[in-house]
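Each chain, written out:
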Amino acid sequence: MGTRGGRLQALRCEFSGHAAAGLAVCEGATADLRECRLLGCAGPGLRVGGVGSMAVLRGCEVAGNAANGVAVGASGCATLDGCFVTGNGAAGAAPHGSATGSSSVGGADVGAGAGAGAAASPSPSAGVGPGHGLQAEGAGARASAQRSAFCCNAGAGVAAGEHGMVQLTGCRMEDNNNNNNQLGRAVAGGAAGPSPPGVQVEVAAHGRVLMSGGCTWRCPGEEATGSAAGLRVVALGSLEMLE
């Protein structure tokens, strides 16, 4: 799948164990994934970036990838509906084997020219601490999620990096960023600093997160939801909550 503006439609397929991104959607390509699994890759499970590039995931699982579960870069767009994003962001995540009865596709690169593998562009969080469940970072990067769960990822469940925007409706963020307070993270101005443990939603400078439809978040070790410690917004970032 190496043509510009390519289109991928996948049903009950598995993208697993690749040395870079499980699936890269770039150069104006589109991907429509239904009930697929993106598992155990050394990069992000899904990477989307470039003008006109778009990925839609419905009922998918994104788990155990070493970088971000879903990484949306500049001018990219991703939509998640009814997805489960868990256990991503810990470097050295073990590759998963293919599930019985599913198709296995290793490191598909939709829209890139010949030879432009998923390793060509690192994840936005590469080298900057643990990866997130979902991150949109860069000018024009947009992500939306409905009725999806982001749990037990090494970084935040959901993050809007610089100039990125994430819209959440009826989503659940739980038990992310557990015991990562000793890991350096990039903060506004480029200085390295500790990320408080338990952050479920993180917003960087010039980033924006919009939450509505009864979104909930819970920090590791807490029974109650909605703790202020679960939200981290740096200067010039924006977090809006609508009901």
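For the structure itself, consult the block above.
Residues numbered from 1 in each chain as written. Predicted model: local features only at pLDDT ≥ 70, side-chain atom pairs only at ≥ 80, totals over all residues. Heavy atoms only, no water.

> I'd like a rundown of the overall build of the chain, residues and numbers included.
Of the regular secondary structure elements, the chain holds zero helices and 26 strands. Per-residue burial over the chain gives 51% buried out of 243 residues. Summed over all atoms, the accessible surface of the chain reaches about 9,700 Å², with 53% contributed by carbon and sulfur. (Helix = DSSP H or I, 4+ residues; strand = E, 2+ residues; numbered from the N terminus. Buried < 20%, exposed > 50% of the residue type's maximum accessible area, 1.4 Å probe, protein only. Areas by Shrake-Rupley, 256 points an atom, 1.4 Å probe, with all protein chains shown as cover.)

> If you had to explain the side chain of asparagine 65 to someone new, which residues and values would you point to?
Here asparagine 65 shows up in the loop between strand 8 (61–63) and strand 9 (70–72). A distance of 2.8 Å separates a polar atom in the side chain of asparagine 65 from the backbone nitrogen of cysteine 41. (Polar contact = N/O pair within 3.5 Å; in protein donor to acceptor, adjacent residues only side chain to side chain.)

> How would you sum up the sheet that holds strand 4 (residues 30–34)? Please name residues and give values.
With parallel pairing, the eight strands of this open sheet are ordered in space as 1-4-7-10-15-18-23-26. The open sheet has two free edges, formed respectively by strand 1 (7–11) and strand 26 (238–241), since each of these has just one partner strand. Between one strand axis and the next, the sheet turns by 5 degrees as a mean value, whatever way the strands run. For strand 1 and strand 4, the ladder comprises five bridges, and the chain directions are parallel. From the neighbouring strand, arginine 7 faces strand 4, where its bridge partner is threonine 30. (Pairing = 2+ DSSP bridges. Axes fitted to C-alpha atoms, helices over the stretch in contact; angles between N-to-C directions.)

> Let's hear about the nonpolar core: which residues, and what values?
In this structure, Leu23, Leu33, Leu57, Leu168 and Met173 are the most contacted members of the largest nonpolar core, which totals 43 residues. Apart from residues lying up to four places away in sequence, leucine 168 is in contact with Ala145, Val158, Met173, Val209, Leu210, Met211, Ser212 and Cys215. (Core = buried A, V, L, I, M, F, W, Y, C linked by side-chain atoms within 4.5 Å. Contact = heavy atoms within 4.5 Å.)

> Before we move on, can you summarise the state of the cysteines with the specific residues and values?
For the coordinates displayed, the defined rule picks out zero disulfides. Not engaged in a disulfide, the cysteine cysteine 215 finds its nearest cysteine sulfur in cysteine 171; these two sulfurs lie 5.1 Å apart. Overall, the relative accessible area of 12% leaves cysteine 215 in the buried class. (Disulfide = S-S within 2.5 Å.)

> Kindly report on the pairing of strand 7 (residues 54–58), identifying the contributing residues and their values.
Two elements, strand 4 and strand 7, share five bridges in a ladder whose sense is parallel. Directly across from leucine 33, in strand 7, lies its bridge partner leucine 57. Bridge analysis of strand 7 against strand 10 (residues 77–81) gives five bridges, and the strand direction is parallel. Note on strand 10: the bridge partner recorded for methionine 54 is cysteine 77.

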